[in-house]
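# Reading the structure
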Amino acid sequence: DGPESNTSEISSVILLGFSNIGSFRWILFIHFLVIYCGTICGNLLIIVLVSTSQNLHSPMYFFISHLSTCDIMLTTDIVPNALYCLLEEVGIMCFTCCLAQHYFFSVALCFECLLLAVMSLDRYLAICSPLRYTSIMKMEFCRYLVFMSWSLSLLLVWVLTVSIYLLDFCRPNVIDHFFCDLSPLLHLSCSDTSIVQQEATLLTVPLVFLPFIFITYTYICIISSILRIRSLTQRQKAFSTCSSHLTVVSIFYGTLSSTYVLPTNGQIVKVSKSLSLLYTVGTPLLNPIIYSLRNKDIKQAFTKIIDKLFL
């Protein structure tokens, strides 16, 4: 009867996942498994290459290795449980596990937003202030930026998670999704969730919107600087140094906004799940592909490792 009940009334949650798809779930299971293995291998490869190759010991590749770490964290938090939901048709997990999944999922998203902003600062200084680049982007400063990005994400998302935990949960413990996202999680609560929703909105300002505004500003400056370069060859070289990052930013924020920013009136659940797949499963796979296929240094480092192993 009292507020002390908290999560005691719901000890587990049922994730409907991709129910009612019949035999197609086995095809989806194989696709998810292949994508998951490819994502882990691709991102681990980038981490190993950056760690072991001397020519990749620079700020940009240091940030890329942390992006790969974040992608591994995100996909490992989501995909194994989605595979379990496909195998069993529905997934059952303890309520604390559900909160933990939401926590690490949110931390990964927020960290990626902050890291992409840090990477845009790196590209901005490299193109717009090349003479000051080496004096500013020292490895100590890069480590500090990454440390602060992780710390802010872990701490601020923890505050939100505690607020969610303190709610009363007494409604049917069924979530029509393949992971514990905020909206379906709050729907299980019989408490007033308006304060938690306001808190979540406030936290998106420093963790999502301000990084996006900063990225937009830096790329306006970058594109303006590139257009002022007279030599076409130098202009193409300057743009190629930031094209991979710009592609990753576009895909990440594009898929994220399609799920959380655009109006959802009339949006069916299947569409919402499909959009969620884009940034929880798709982007962690695409990121290492984008940075490896369009980067000569990573290709050279990979070739050297292959030569050492087989020659």
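Heads up: the structure comes first, above all this text.
Report on the accompanying structure. A quick note: this is a predicted structure, and the numbers were derived from the prediction, not measured.

This part is about the packing of helix H3 (residues 95-128) against helix H5 (residues 139-165). Following both chains from N to C, one finds H3 and H5 inclined at 150 degrees, their axes separated by 8 Å at the closest point. Accordingly, the angle class assigned to the pair H3 and H5 is roughly antiparallel. Seen along the crossing, H3 lies across H5 with a hand that is right-handed. Across the contact of H3 with H5, the residue classes tally to 19 nonpolar, five polar and no charged.

Of the two faces of strand E1 (residues 12-15), only the one carrying Val13 and Leu15 is buried; Ser12 and Ile14 on the other face are not. The pairing of E1 with strand E2 (residues 91-94) spans four bridges and is antiparallel. Each residue of the ladder has a partner; that of Leu15, found in E2, is Gly91. Bridge analysis of E1 against strand E3 (residues 174-175) gives two bridges, and the strand direction is parallel. Opposite Ile14, over in E3, you have Val174 as the bridge partner.

Now for the nonpolar core. Nonpolar side chains in soluble globular proteins tend to end up buried together. With 90 residues, the main nonpolar core has Val13, Phe63 and Ile164 as its most contacted residues. No other element matches H3, which puts 19 residues into this core. Residues contacting Phe63, with those up to four places away along its chain left out, are Leu115, Val118, Met119, Asp122, Met137, Cys142 and Val146.

About the criteria used
- Residues numbered from 1 in each chain as written.
- Predicted model: local features only at pLDDT ≥ 70, side-chain atom pairs only at ≥ 80, totals over all residues.
- Heavy atoms only, no water.
- Axes fitted to C-alpha atoms, helices over the stretch in contact; angles between N-to-C directions.
- Helix = DSSP H or I, 4+ residues; strand = E, 2+ residues; numbered from the N terminus.
- Parallel < 35°, antiparallel > 145°, perpendicular 65-115°, else oblique.
- Left-handed = near helix turned anticlockwise from the far one by under 90°.
- Nonpolar A, V, L, I, M, F, W, Y, C, P; charged D, E, K, R; others polar.
- Buried < 20%, exposed > 50% of the residue type's maximum accessible area, 1.4 Å probe, protein only.
- Pairing = 2+ DSSP bridges.
- Core = buried A, V, L, I, M, F, W, Y, C linked by side-chain atoms within 4.5 Å.
- Contact = heavy atoms within 4.5 Å.

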